[in-house]
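# Coordinates in review
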Amino acid sequence: MQQVVWALADRDADALAALDTEGGDAGSEARAWVGTYGKAADGEVTADFLDEGSVRQEVVLHFGSPRRTQELTVRIGDDDTWGVVLDAPDPKPAER
């Protein structure tokens with residue numbers, strides 16, 4: 001998760017796409033994530049790790065400013081390393 005947040009804060013879509021486990025259009029999805037969460041990742045970011053997490057884990061990222069929340073899945077990829085499933089990000093800020 002730290003690598004995901006660092007890639008977002010650095011606005012580095014290529015680094016984020018390299019963490020993708022699904023093999024689809026990771027570049028496009030990563031650019032969408034950077035556009036949606038890049039600025040927010042400069043501030044405070046916390047994560048809630050749900051479930052047991054031996055092979056797959058749901059994670060909720062909480063961005064402090066602007067206040068946003070995004071759930072994502074991390075899992076072991078084909079090369080036996082952890083990565084992220086880059087689904088489309090939620091573009092709406094969280095309700096206060």
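The structure contained in this document is the topic of the report that follows. Per chain, residues are indexed from 1 in the order of the written sequence. Predicted model: local features are reported for residues with pLDDT of at least 70 only, side-chain atom pairs are reported and counted for 80 or more only, and whole-chain, interface and lining totals are derived from all residues. Where side-chain values are given, they derive from all heavy atoms of the structure, hydrogens and water being excluded.

Side chains of residues three or four places apart in an α-helix project in the same direction, reflecting 3.6 residues per turn. Helix and strand labels come from DSSP, where a helix needs a run of H or I of at least four residues and a strand needs a run of E of at least two; each type is numbered from the N terminus. Helices are assigned an expected span. That span is 1.5 Å times one less than the residue count. The end-to-end C-alpha distance of helix 3 (residues 26-37), which contains 12 residues, comes to 16 Å, matching closely the 16 Å that a straight helix rising 1.5 Å per residue would cover. Relative accessibility thresholds used throughout: buried, under 20% of the residue-type maximum; exposed, over 50%; partly exposed, between the two (1.4 Å probe, protein chains only). Among all positions in helix 3, only Ala-26, Ala-30, Trp-33, Val-34, Thr-36 and Tyr-37 are buried.

This brings us to the environment of Arg-31. Inspection of the secondary structure assignment puts Arg-31 in helix 3. The exposure class of Arg-31 is exposed, given its relative accessible area of 54%. Separated by 19 residues in the primary sequence, Arg-31 and Leu-50 have C-alpha atoms spaced 26 Å apart.

With a phi close to 55°, Arg-11 is a non-glycine residue in the positive phi region. Within the secondary structure, Arg-11 is located in the loop between helix 1 (2-9) and helix 2 (13-18). Taking relative accessible area as the criterion, Arg-11 reaches 40% and is therefore assigned partly exposed. Of note in this structure, Asp-51 is not a glycine but carries a positive phi near 70°.

Between Lys or Arg on one side and Asp or Glu on the other, a salt bridge is scored when a side-chain nitrogen of the former is within 4 Å of a carboxyl oxygen of the latter. A complete count under the given rule lists 2 salt bridges for this structure. The partner of Arg-75 in a salt bridge is Glu-22, with the nearest N and O atoms 2.9 Å apart. Separated by 53 residues along the polypeptide, Arg-75 in strand 3 (residues 68-76) and Glu-22 in the loop between helix 2 and helix 3 bring together distant segments of the chain. Relative accessible area serves as the criterion here: at 44%, Glu-22 is assigned to the partly exposed category.

A few words on the environment of Val-4. Here Val-4 is to be found in helix 1. Between two residues, a contact is recorded if the distance between any of their heavy atoms is within 4.5 Å. Apart from residues no more than four positions distant in its own chain, Val-4 is found in contact with Leu-16, Leu-19 and Val-84.

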